[in-house]
Amino acid sequence: MNADEIAKIAQIASALEVSGYPKPGNVHRTRNYDDMVFEDFLISGIVIGDTIREACTNVDVKNPQLGKYILQAVGETDGWIKNNTNLGIVMILMPIAVASAVSDSFEDIRENIKLLMGNTSVDDACDLYDAINIADAGGMGAQDEYDVASDDAKRELRENNQSMFDVLKISAPWDMIAREMTDDMPAVFEVGYPVYHKLKQEKSQNEACILTFLTILSHIPDTLISRKYGSDEALKISMMTRDVLKLEGSEDFMDMVKEFDDYLFENHYNPGTTADLTAASIFVSYLKSNFR
C-alpha cells in the first residue's frame, strides 16, 4: 500500500476513534476534560499524517527508524497541542503503518510488524524516551530500570545496547501498548479489528466504534487505569463493561453506555489505553478494506 493512502487512513482512524460517543471514560464529541478537549484530538489526528507518510516512504526494513518517526509525530503534535493527546496512538500506529508499506498483502502485516520491531535500534529507544518526555506521559518506563525520567537513561540504554523493542519488552507487564508492540498485537488483530470490521458493515460508524471500545475493555483491563488505581480496580471496570455489553441490542443500551460514561468520568477512571487500541483496530480495518 502506498504511503499517501496509509497516512490518510491513519488520520481517518484517529478522527473516528475520538468522535465515538459516548465512549466511556474518554474525551469524545460530547465530553471534554479540564486539560484537553475534543478538538485537541482532532488536531492531533490530522498533524501526524505527514510523519506517517514519511515513515512509510522508501522503508529500510533493516533500520525502519520507528523511534525517530514516533518522536517526530509527537513533536509535531506538541507544536499544536500542549497535552499528551496521542503518544499511545502514535506508538501503536507507527509499526502497523510501516509494516503495511512493506507488505504485499494484508495478511503479511502482522509478520512484518514483528520483523520491523525486531530491527529497532538503540537510537530508536532513545528517540522513544524523548517522545515520552515531550508528551510528559507517566508510567511507561517509570521503573527502576531505564527510567525515562532519569537524566542517565539514554546513556544507560547505549551502554547496554538496548533497542526500542528491548525497553518496550521491559515495560510490557504494566503497559498494554508496550505489550502489543512486542507481542504480535493480539488485542488489535484478534479482538478489536475483527469486531470493528464486522460491525462497520452492519451498524453506524459511531456504534461500531463504541462497541469495539467496549469489547476491548471487557476483555483486557486498561493499564492506564491499573497504573493509577491498581489492577483490581482495572479488572473491576472490565467486569462492569461486560455487564454493559450484555445489554447490547436492548432499547436502552445507549442510555446504559451513557450512564457508564458518566460513572467513569465522575470517578476519574480513564481507559485511555483502550482508546488507543480502538484507534489501531479501526486503522487495521480500513487497511484491510483498502489493501490492493
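These remarks concern the structure in this document.

### Structural notes on the nonpolar core
Grouped together as the largest cluster of nonpolar side chains are 86 residues, with contacts concentrated most on Ile70 and Phe283. The leading source of residues in this core is helix α5 (residues 87–101), at 11 residues. Discounting chain neighbours no more than four positions away, the residues touching Ile70 are Val90, Met91, Met94, Leu128, Ala131, Met164 and Met181. By size, the runner-up hydrophobic cluster in this structure holds six residues, among which are Val18, Val27, Tyr33 and Met36.

### Details of the packing of aromatic side chains
Summed over the entire model, instances satisfying the criterion amount to six aromatic pairs. Relative to Tyr286, the ring of Tyr196 has its centre 6.4 Å away and its plane inclined at 40°; by these criteria the two rings are tilted. Of the two residues, Tyr196 is situated in helix α11 (residues 186–202) and Tyr286 in helix α16 (residues 272–290); the sequence distance between them amounts to 90 residues. As far as burial versus exposure is concerned, Tyr196 and Tyr286 are alike and both buried. Look at Tyr229 and Tyr269: their rings are 5.2 Å apart centre to centre, the planes differ by 70°, and that puts the pair in the edge-to-face class.

### Considering the pattern of salt bridges
Inspection of every chain in the model, using the stated rule, returns 19 salt bridges. Taking the shortest distance from any N to any O, the salt bridge between Asp4 and Arg53 comes out at 2.8 Å. In this pair, Asp4 is assigned in helix α1 (residues 3–19) and Arg53 in helix α3 (residues 49–55), connecting sequence segments 49 residues apart. Arg53 sits in the partly exposed class, given a relative accessible area of 24%. Ionic pairing is found between Glu233 and Lys236, a salt bridge with its closest N-O pair at 3.1 Å. Highlighted residues: Glu233 and Lys236, both in helix α14 (residues 231–245), separated by three residues, approximately one helical turn. Residue classification places Glu233 among the partly exposed positions, given a relative accessible area of 24%. Through salt bridges that share partners, Arg31, Lys258, Asp261 and Asp262 make up one connected network.

Definitions and limits used
- Residues numbered from 1 in each chain as written.
- Predicted model: local features only at pLDDT ≥ 70, side-chain atom pairs only at ≥ 80, totals over all residues.
- Heavy atoms only, no water.
- Core = buried A, V, L, I, M, F, W, Y, C linked by side-chain atoms within 4.5 Å.
- Buried < 20%, exposed > 50% of the residue type's maximum accessible area, 1.4 Å probe, protein only.
- Helix = DSSP H or I, 4+ residues; strand = E, 2+ residues; numbered from the N terminus.
- Contact = heavy atoms within 4.5 Å.
- Phe/Tyr/Trp six-rings, centres within 6.5 Å; stacked < 30°, edge-to-face > 60°.
- Salt bridge = Lys/Arg side-chain N within 4 Å of Asp/Glu carboxyl O.

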